[in-house]
Amino acid sequence: MNKTISRMILSFAILTLVWSCKSKETKEVPQTKDTENEVILEFTKAKEGFLSESLFQVAVSSVLPTESERTEEAKTIAEQKSLNLLKTFTIPNLSDKGRKELREISKEGKIVDKNVSIGGRYFFLYQIQKPNLKRLVTKDLE
């Protein structure tokens, strides 16, 4: 009886050992660097819209090969994105003069010198800075 119990315990121990050592197919997922993750978050979570009474911001990206092409594309996209976002802050029935002024405001911005590349995609912040910009857009346009 003791031999049977000993054999059962030994068999169970061996079975447990074999089961835990059984090879498992694992697929390694390459880890991105923490700094890359932080930079990605900075741009994907960058606040867009009014950062203050006189500062407006949008985030854009580009995959073009040269720095000048990327910057030009980013500025073009940012101007259009700014215009579309600024429209959401204006009065519903904006006059032609007000729309023209809003277009001009959207083109007054500058690419902030953050040209960070992650996986071939370059990220930019575009900022429009003008005294009393928020009041101008939300209340003073016709």
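The structure we're discussing is the one just above.
Predicted model only: the values in this text are computed from it and were never measured.

Definitions and cut-offs
- Residue indices follow the written sequence of each chain, beginning from 1 at its first position.
- With the structure being a predicted model, the display of local features is reserved for residues of pLDDT at least 70 and the display and counting of side-chain atom pairs for 80 or more, all residues being used for whole-chain, interface and lining totals.
- Hydrogens and waters are ignored; side-chain quantities use all the structure's heavy atoms.
- Where helices and strands are cited, they refer to DSSP runs of H or I of at least four residues and of E of at least two residues respectively, numbered from the N terminus.
- Working definition: with a 1.4 Å probe on protein chains only, accessible area under 20% of the residue-type maximum means buried, over 50% means exposed, and in between means partly exposed.
- By definition in these notes, contact holds between two residues if any of their heavy atoms fall within 4.5 Å.
- In this scheme Phe, Tyr and Trp rings, the latter by its six-membered ring, pair at centre separations within 6.5 Å, and the angle between planes marks the pair as stacked below 30 degrees, edge-to-face above 60, and tilted otherwise.
- Whether a charge sits over a ring depends on NZ of Lys or CZ of Arg being within 6 Å of the ring centre and within 35 degrees of the ring normal.

K.L.:
Residues and numbers for the environment of S106, please.
P.N.:
With respect to the helices, strands and loops of the structure, S106 is situated in helix α4 (residues 96-106). Taking the relative accessible area as the measure of exposure, S106 reaches 2% and is therefore buried. S106 sits 25 residues away from K81 along the chain, and the two C-alpha atoms are 8.5 Å apart. Residues within four places of S106 in sequence aside, it is in contact with E79, S82, L83, L86, Y126 and I128.

K.L.:
Any chance you could break down the environment of L55 for me, citing the residues and the numbers?
P.N.:
Here L55 shows up in strand β2 (residues 55-62). For the pair L55 and L133, spaced 78 residues apart in sequence, the C-alpha to C-alpha distance is 7.0 Å.

K.L.:
Before we move on, can you summarise the packing of aromatic side chains with the specific residues and values?
P.N.:
Inspection of every chain in the model, using the stated rule, returns 2 aromatic pairs. Taken together, a centroid distance of 5.1 Å and an interplanar angle of 70° make the contact between F50 and F56 edge-to-face. Just as F50 is buried, F56 falls in that class too. The interplanar angle of 80° and the centroid separation of 4.9 Å between the aromatic rings of F50 and F89 together place this pair among those described as edge-to-face. Of this pair, F50 sits in strand β1 (residues 49-52) while F89 sits in the loop between α3 (67-87) and α4, and the two are 39 residues apart along the sequence. An aromatic cluster of three or more residues is present, and its members are F50, F56 and F89. The residue whose ring lies beneath R70 is Y122, and the NZ or CZ to ring-centre distance is 3.5 Å.

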